[in-house]
Amino acid sequence: MLDIMVAVLSSLLTICIILSFSLPSDTQNINAFMEKHIVKEGAETNCNQTIKDRNIRFKNNCKFRNTFIHDTNGKKVKEMCAGIVKSTFVISKELLPLTDCLLMGRTARPPNCAYNQTRTTGVINITCENNYPVHFAGYKSSFCASYSPCALIVITVFLLSQLLLPAMR
Ligand SMILES: *[C@@H]1O[C@H](CO)[C@@H](O)[C@H](O)[C@H]1NC(C)=O
Ligand SMILES: *[C@@H]1O[C@H](CO)[C@@H](O)[C@H](O)[C@H]1NC(C)=O
Ligand SMILES: *[C@@H]1O[C@H](CO)[C@@H](O)[C@H](O)[C@H]1NC(C)=O
């Protein structure tokens, strides 16, 4: 019984630890943020086409990575930033639908940048300033991405083990 609990706990912890943050971008105002990171909710986004159409690049090179948030008119990201004046990192309270674009070849030059894309969901980390999102700092995609549910699961398993163990003996 204890062995099982330990196994469950350690696998939960492993899931919590396997969290990945994407690379930061260099956005600095709301318009640039919308252009680089916001697409319609529910719609398919083609990275190749959207990045070309919006002329998203890194200096004169293809941008290595760009993440699109499916959030029509940036409604949710603007809600995240409401009331925040001083530059602050804000984490979303829920998982948001994302399309993550990763450059395929390093030799291509804009506008011919080819991307490998992934649909995912993630807890996003953005910088808010003067009530608006201005910078995308990354996202975490995992079952335990938003920490609190993860902590809750661990605590629940621990409490259950305390309740069940004496009964099993
Ligand atoms: C993006 O472009 C590359 C290279 O042309 C192609 O292999 C890939 O399938 C394209 N991706 C999509 C989603 O169209
Ligand atoms: C695209 O990404 C997927 C998932 O990360 C990977 O399995 C695949 O090999 C990649 N394809 C290319 C052409 O890089
Ligand atoms: C959000 O991103 C910033 C910049 O990378 C980082 O310093 C901060 O720790 C991140 N916030 C969380 C909760 O991970």
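How each quantity is defined
- Residues numbered from 1 in each chain as written.
- Chains lettered and ligands numbered in written order.
- Predicted model: local features only at pLDDT ≥ 70, side-chain atom pairs only at ≥ 80, totals over all residues.
- Heavy atoms only, no water.
- UniProt positions renumbered as here; feature names shortened; annotations may be inferred.
- Core = buried A, V, L, I, M, F, W, Y, C linked by side-chain atoms within 4.5 Å.
- Buried < 20%, exposed > 50% of the residue type's maximum accessible area, 1.4 Å probe, protein only.
- Helix = DSSP H or I, 4+ residues; strand = E, 2+ residues; numbered from the N terminus.
- Disulfide = S-S within 2.5 Å.
- pLDDT = per-residue confidence, 0-100.
- Contact = heavy atoms within 4.5 Å.
- Pairing = 2+ DSSP bridges.

In the annotation of an unreviewed UniProt entry, the entry for the chain reads Ribonuclease A-domain domain-containing protein, and the organism field reads Xenopus laevis. Listed under Sequence similarities (unreviewed entry) in UniProt, the entry text for the chain is "Belongs to the pancreatic ribonuclease family."

Student: Explain the nonpolar core residue by residue, including any values.
Tutor: Core analysis: the biggest nonpolar cluster contains 14 residues, and Phe 33, Ile 69, Val 77, Ile 124, Ile 126 and Phe 136 have the highest contact counts within it. Going through the elements one at a time, helix 4 (75-81), strand 4 (96-103), strand 5 (115-129) and strand 6 (132-140) are the ones with two or more residues in this core. With 10 residues, the next largest nonpolar core counts Cys 47, Ile 51, Ile 56 and Cys 101 among its residues.

Student: Lay out the state of the cysteines with the relevant residues and their values.
Tutor: This model, assessed by the stated rule, comprises three disulfides. One disulfide in the model links Cys 62 with Cys 113; its S-S distance is 2.2 Å. The disulfide joining Cys 62 to Cys 113 has a torsion of about -85° about its S-S bond and is therefore left-handed. One end of the pair, Cys 62, is in the loop between helix 3 (47-53) and strand 2 (65-70); the other, Cys 113, is in the loop between strand 4 and strand 5, and 51 residues separate them in sequence. In this model, Cys 81 is linked to Cys 128 through a disulfide, with the two sulfur atoms separated by 2.0 Å. Taking the sign of the torsion about the S-S bond as the criterion, the disulfide between Cys 81 and Cys 128, at about -65°, is left-handed. On the criterion of sequence distance, the pair formed by Cys 81 in helix 4 and Cys 128 in strand 5 is long-range, its members being 47 residues apart. Here Cys 81 and Cys 128 have matching classes, each one buried.

Student: I'd like a description of the confidence of the model for the chain, backed by residues and values.
Tutor: For the chain, mean pLDDT is 84; residues scoring 70 or higher make up 75% of the total. Confidence drops under a pLDDT of 50 for residues 12-23, and excluding neighbours within four residues, the segment shows 28 contacts in the predicted structure.

Student: Give a detailed account of the pairing of strand 5, specifying residues and quantitative values.
Tutor: With four bridges joining them, strand 3 (residues 88-91) and strand 5 adopt antiparallel strand pairing. Residue pairing for strand 5: Phe 89 is matched across the bridge by Thr 127. Where strand 4 lies against strand 5, eight bridges are found, and the strand directions are antiparallel. When the bridges of strand 5 are listed, Leu 98 appears paired with Thr 120. Alignment of strand 5 against strand 6, held across seven bridges, turns out to be antiparallel. Paired with Thr 127 across the bridge in strand 6 is His 135.

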